[in-house]
Amino acid sequence: SILADKTSRNLFFFLCLNLSFAFVELTYGIWSNSLGLISDSFHMFFDCTALLAGLAASVISRWRSNDSFSYG
């Protein structure tokens with residue numbers, strides 16, 4: 001589980017926090033017609049994809065080995 005491991009939990013909470021700020025920034029950027037805020041929100045969304053990749057790697061690293069995958 002993601003919330004059971006401290007590293008995964010921290011990545012997950014930071015991902016949620018970053019996503020919420022990105023949506024707020026995008027919403028306010030569209031509302032105020034600010035290209036700077038809109039572009040920074042897209043930059044934050046790309047940061048979220050990196051956090052998601054790190055979260056996936058953190059979860060996959062805890063998988064146990066089996067007959068098909070001898071290294072876990």
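Refer to the structure above for everything that follows.
If you're wondering where the values come from, they're calculated on a predicted model, not measured in any experiment.

*Asks:* Quick question: what am I supposed to make of the packing of helix α1 (residues 6-32) against helix α2 (residues 35-60) here?
*Replies:* To describe two helices that pack against each other, one gives the angle between their axes and the distance between the axes. One way to put it is that α1 packs onto α2 with a least axis distance of 8 Å and a crossing angle of 165°. It follows that α1 is roughly antiparallel to α2 by the angle criterion. Taken as a pair, α1 and α2 cross one another with a handedness that is left-handed. Residues belonging to the contact of α1 with α2 are distributed by class as follows: 21 nonpolar, 8 polar and 3 charged.

*Asks:* Just checking my understanding: could you explain α2 for this structure?
*Replies:* Since there are 3.6 residues in each turn of an α-helix, residues three or four apart along the chain are aligned in direction. Look at α2: 38 Å from first C-alpha to last across 26 residues, which is about the 38 Å you get at 1.5 Å a residue. Buried residues of α2: Ser 41, Met 44, Phe 45, Cys 48, Leu 51, Leu 55 and Ser 58, and no others. Each element contacted by the buried residues of α2 is listed here: α1.

*Asks:* Is there a simple way to explain α1 in this structure?
*Replies:* Spanning 27 residues, α1 covers 39 Å between terminal C-alpha atoms, matching the ideal 39 Å at 1.5 Å per step. Listing the buried residues of α1 in full gives Ser 8, Leu 15, Asn 18, Ala 22, Glu 25, Leu 26 and Gly 29. In the core, the buried residues of α1 are packed alongside α2.

Conventions adopted
Residues numbered from 1 in each chain as written. Predicted model: local features only at pLDDT ≥ 70, side-chain atom pairs only at ≥ 80, totals over all residues. Heavy atoms only, no water. Axes fitted to C-alpha atoms, helices over the stretch in contact; angles between N-to-C directions. Helix = DSSP H or I, 4+ residues; strand = E, 2+ residues; numbered from the N terminus. Parallel < 35°, antiparallel > 145°, perpendicular 65-115°, else oblique. Left-handed = near helix turned anticlockwise from the far one by under 90°. Nonpolar A, V, L, I, M, F, W, Y, C, P; charged D, E, K, R; others polar. Expected span 1.5 Å × (residues − 1). Buried < 20%, exposed > 50% of the residue type's maximum accessible area, 1.4 Å probe, protein only. Contact = heavy atoms within 4.5 Å.

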